[in-house]
Amino acid sequence: MPGKGYDVVEVKFKGGRKEYYRNVHQLDLTTGDYVVVEMQSGFHLGAVSMQGELVRLQVKKRGVKINDDTKVIHRLATAKDLERHEQAVLRDLPALYRSREIVRELKLNMKLSDVEFQSDNTKATFYYSSEERVDFRELIKMLAGEFKARIEMRQISLRQEAGRLGGIGSCGRELCCSTWLTDFKNIATSAARYQNLSLNPAKLSGQCGRLKCCLNYELETYMDALRDIPTIEKPLETQKGRAWLQKTDIFRRLMWFGYSSESTWHPLPIARVVEILELNKRGVIPESFDVLTPIGEKEPVVLAALNSDLQKLDAKYATRSPKKKKKKPKGGGNPGGNASKPTTNGVA
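Only a predicted model underlies this, so the values are computations on that prediction, with no experimental measurement involved.

Quick notes on the rules
Residues numbered from 1 in each chain as written. Predicted model: local features only at pLDDT ≥ 70, side-chain atom pairs only at ≥ 80, totals over all residues. Heavy atoms only, no water. Helix = DSSP H or I, 4+ residues; strand = E, 2+ residues; numbered from the N terminus. Expected span 1.5 Å × (residues − 1). Buried < 20%, exposed > 50% of the residue type's maximum accessible area, 1.4 Å probe, protein only. Contact = heavy atoms within 4.5 Å. Salt bridge = Lys/Arg side-chain N within 4 Å of Asp/Glu carboxyl O. Patch = residues over 30% accessible without salt bridge, like charges linked within 9 Å, V, L, I, M, F, W, Y side chains within 5 Å. Areas by Shrake-Rupley, 256 points an atom, 1.4 Å probe, with all protein chains shown as cover. Lys, Arg positive; Asp, Glu negative; His and termini not counted. Charge placed at Lys NZ, Arg CZ, Asp CG, Glu CD. Phe/Tyr/Trp six-rings, centres within 6.5 Å; stacked < 30°, edge-to-face > 60°. Lys NZ or Arg CZ within 6 Å of the ring centre and 35° of its normal.

Trainee: I'd like to hear about helix α10 (residues 270-281), residue by residue, with values.
Mentor: In this model α10 runs 17 Å from its N-terminal to its C-terminal C-alpha over 12 residues, within 8% of the 16 Å that 1.5 Å per residue would give. Along α10, the positions that sit buried rather than exposed are Ile-270, Val-273, Ile-276, Leu-277, Leu-279 and Asn-280. Buried residues along α10 sit in contact with β9 (236-238), β11 (254-259) and β12 (265-269).

Trainee: I'd like a rundown of the pattern of salt bridges, residues and numbers included.
Mentor: Inspection of the entire model under this criterion finds 19 salt bridges. For Arg-98, the salt bridge identified is with Glu-101, shortest N-O distance 3.0 Å. Of the two residues, Arg-98 and Glu-101 are both situated in helix α3 (residues 92-106); the distance of 3 residues between them amounts to about one turn of the helix. On the accessibility criterion, Arg-98 (26% relative accessible area) is partly exposed. When its relative accessible area of 36% is taken as the criterion, Glu-101 is described as partly exposed.

Trainee: Please give an account of a positive patch on the surface that cites residues and values.
Mentor: Among the surface-exposed residues, Lys-12, Lys-18, Lys-61, Arg-62 and Lys-185 lie close enough to one another that they form a single positively charged patch. Here Lys-12 is to be found in strand β1 (residues 8-12). In this structure Lys-12 comes out as partly exposed when scored by relative accessible area, which is 31%.

Trainee: Residue-level account of the packing of aromatic side chains, with values.
Mentor: For any pair of aromatic rings, the description consists of the separation of the ring centres together with the inter-plane angle of the planes. Enumeration according to the criterion identifies 8 aromatic pairs in this entry. Measuring from centroid to centroid gives 6.0 Å for Phe-126 and Phe-147, while their planes differ by 40°, and the two rings are tilted. Note that Phe-126 is positioned in strand β7 (residues 123-129) and Phe-147 in helix α4 (residues 137-147), a separation of 21 residues in sequence. For the residue pair Phe-126 and Phe-147, the accessibility class agrees, reading buried in each case. Taking 5.0 Å as the distance between ring centres and 65° as the angle between the ring planes, the aromatic pair formed by Tyr-222 and Phe-251 counts as edge-to-face. A residue pair is termed long-range when its members are at least 10 positions apart, and Tyr-222 in helix α9 (residues 219-225) and Phe-251 in the loop between β10 (241-249) and β11 qualify at 29 residues. The exposure class of Tyr-222 is buried, given its relative accessible area of 15%. Against the face of Tyr-127 rests Arg-164, its NZ or CZ located 3.7 Å from the ring centre. Geometry around Trp-256 places Lys-247 over its ring, the cationic atom sitting 5.1 Å from the centre.

Structure representation (structure tokens):
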């Protein structure tokens, strides 16, 4: 079987914490089985989350050293082990409330987010976050006397705190940090700028108060698409005025420009924007976005053809003889010009 080739197993504990253990007893394990594992003092209960060749790849990727000092898996958990583990888990929430009261009494600037009791009830790990160094020596003494166990204080980041507490993200799914994400990478506001996202802290921040981890998921795709898109540092110069960049449609490869005197945005292909930028660098101002030829550089009208047409018209009218206008008689008469003689006694 492929799971028998590598004897290191990944075991998952409360809060998504995962560690690697050696299966020295060659137990027949299945993902999801509860096992009793070795701890620094005593034992703890966890669930098998990964085994076989996948674990070897994860160990190699994270640079984890596997040697004889690596802790081992003792056995599969029995019903009695599971019962003791459930009793230990039931102590977590009351212990968290009580420890927060003690922190307030000592006026320590720290935030306790979670408590994890070991399955044999010999150790309790308190997870906290703080922006400054905290002296919790007195706190450890009070907690040890309160819970009768060895106390370990472990500082975690705000992202790890959100992962331990869990919740539902704005996408409607369970938080990535509490399900599968284990490596928290640095996230900058430039990731939102490259993806044309609104720089609204309320929308870009996760439940931890930091920028969302998912901003990095598609960043490389956007970076590849932005390689051929020019950087606009100043407006485009045209005869109609200066056009300012309003937005960029990265995947459709369109850049929208608008004049300050207009409210309309004009979409331009990337190739056309590059042409206008090259013209502006040479000091040439095109007529518009559609007509790149400047007004001063338009082709002149051919006057030879126009002059030849005028000469033909002059010759045409010059060959015609002017008509003489007929003079109208001074007296009344018919339009034909023949004046009628006056009649006498009705006789012509």
